[in-house]
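Residue strings, one per chain:
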Amino acid sequence: MDTTEDVPAVPLRRRRRAVVLLAVIAAVAYTGDQLTKLWVTSTMVEGQRIPVLPPLLQWYYIRNSGAAFSIGEGVTWVFTIIMTVVAVGIIVYTRRVRSLWWGAALGLVLGGALGNLTDRLFREPSFGMGHVVDFISLPHFAIFNVADSAVVCGVALVCLLTLMGRSPDGTRQRHNSG
């Protein structure tokens, strides 16, 4: 039995566009993250600092076994599991996404999660416990990388869309006041 007649073409196109956008943004974020980490590891030595826009921005190459602000340095494997669950969750959830904005937001989170997951899986000291390459340094703040930036921007966009009542399926939730 052919069920394609039962499904409207417009929502399928919207879904397809949102999923393609999600995949493209995830690929760009992931590739940008991995290329910048390759550049850092091949041109800098760990601990090296290079002023970029003094005193606002510098490259400062470190390897981080923990999360933001080096939290959880002794449980690197936990972050590997969390990033795997987040990536798989987004991929599974993709079938519900019809909104380009949600596609962009989830693409950023997916690309960033996969970027840091790649480090956790394949960098020293061992599989699943690798240290993430961080190098973007701002004064009095954490040292981070492109993947971290993508995740933060994606999560901020998810929060904004949620506050605006925009659903992943492209509908708008109306909040009754009073």
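Residues numbered from 1 in each chain as written. Predicted model: local features only at pLDDT ≥ 70, side-chain atom pairs only at ≥ 80, totals over all residues. Heavy atoms only, no water.

I'd love a proper account of the packing of helix H2 (residues 76-93) against helix H3 (residues 100-122), names of residues and values included.
It is the contact of H2 with H3, at a shortest axis distance of 9 Å, that shows an interaxial angle of 145°. With respect to the hand of their crossing, H2 and H3 are arranged in left-handed fashion. Across the interface between the two elements, Thr76, Phe79, Thr80, Met83, Thr84, Val86, Ala87, Ile90, Ile91 and Tyr93 from H2 touch Leu106, Val109, Leu110, Ala113, Leu114, Asn116, Leu117, Arg120 and Leu121 from H3. Residues belonging to the contact of H2 with H3 are distributed by class as follows: 14 nonpolar, four polar and one charged. (Axes fitted to C-alpha atoms, helices over the stretch in contact; angles between N-to-C directions. Helix = DSSP H or I, 4+ residues; strand = E, 2+ residues; numbered from the N terminus. Left-handed = near helix turned anticlockwise from the far one by under 90°. Contact = heavy atoms within 4.5 Å. Nonpolar A, V, L, I, M, F, W, Y, C, P; charged D, E, K, R; others polar.)

Tell me about the packing of H3 against helix H4 (residues 146-163), and please be specific about residues and values.
Orientation of H3 relative to H4, taken along the N-to-C sense of each, is 150°, at an axis distance of 7 Å. Relative to H4, the element H3 lies roughly antiparallel. Note on packing geometry: the crossing formed by H3 with H4 is left-handed. Along the contact surface, H3 presents Trp101, Trp102, Ala104, Ala105, Leu106, Leu108, Val109, Gly112, Ala113, Gly115 and Asn116, while H4 presents Ala147, Asp148, Ala150, Val151, Cys153, Gly154, Val155, Leu157, Val158, Leu161 and Thr162. Residues belonging to the contact of H3 with H4 are distributed by class as follows: 16 nonpolar, five polar and one charged. (Parallel < 35°, antiparallel > 145°, perpendicular 65-115°, else oblique.)

Account for the confidence of the model for the protein chain, naming residues and giving values.
In this model, the protein chain carries a mean pLDDT of 89, and residues with pLDDT of at least 70 account for 87%. Considering only residues more than four positions removed or in separate chains, one finds that residues 1-5, a stretch of pLDDT under 50, has zero contacts. (pLDDT = per-residue confidence, 0-100.)

Please set out the pattern of salt bridges residue by residue, giving values where relevant.
Counted according to the given criterion, the structure contains four salt bridges. Between Asp119 and Lys37 there is a salt bridge, with its nearest N and O atoms 2.9 Å apart. Separated by 82 residues along the polypeptide, Asp119 in helix H3 and Lys37 in helix H1 (residues 9-43) bring together distant segments of the chain. Across the pair, exposure class does not vary: Asp119 and Lys37 are buried alike. Since its relative accessible area comes to 0%, Asp119 is described here as buried. Salt bridges linked by common partners bring Asp33, Lys37, Asp119 and Arg123 together as one network. (Salt bridge = Lys/Arg side-chain N within 4 Å of Asp/Glu carboxyl O. Buried < 20%, exposed > 50% of the residue type's maximum accessible area, 1.4 Å probe, protein only.)

How would you summarise a nonpolar patch on the surface if you had to cite specific residues and measurements?
On the surface, a nonpolar cluster with roughly 440 Å² of combined accessible area is contributed by Val52, Leu53, Leu56, Leu138 and Phe141. Of note, Val52 is situated in strand S1 (residues 49-53). (Patch = residues over 30% accessible without salt bridge, like charges linked within 9 Å, V, L, I, M, F, W, Y side chains within 5 Å. Areas by Shrake-Rupley, 256 points an atom, 1.4 Å probe, with all protein chains shown as cover.)

Help me get a handle on the packing of aromatic side chains, residues and values and all.
For the coordinates displayed, the defined rule picks out five aromatic pairs. Ring geometry for Phe141 versus Phe144: centroids 6.1 Å apart, planes at 85°, classification edge-to-face. Taken together, the aromatic side chains of Trp39, Trp59 and Phe135 make up a single cluster linked through ring pairs. Its end group placed over the ring of Tyr60, Arg49 keeps NZ or CZ at 3.8 Å from the ring centre. (Phe/Tyr/Trp six-rings, centres within 6.5 Å; stacked < 30°, edge-to-face > 60°. Lys NZ or Arg CZ within 6 Å of the ring centre and 35° of its normal.)

How would you explain the sheet that holds strand S3 (residues 132-137) if you had to name every residue and give the values?
Within the open sheet, the four strands sit side by side as S1-S2-S3-S4. Their pairing is antiparallel. The open sheet has two edge strands with one neighbour each: S1 and strand S4 (143-144). Pairing of strand S2 (residues 57-64) with S3, which is carried by five bridges, proceeds in the antiparallel orientation. Within S3, the position partnered with Asn64 by the bridge is Val132. (Pairing = 2+ DSSP bridges.)

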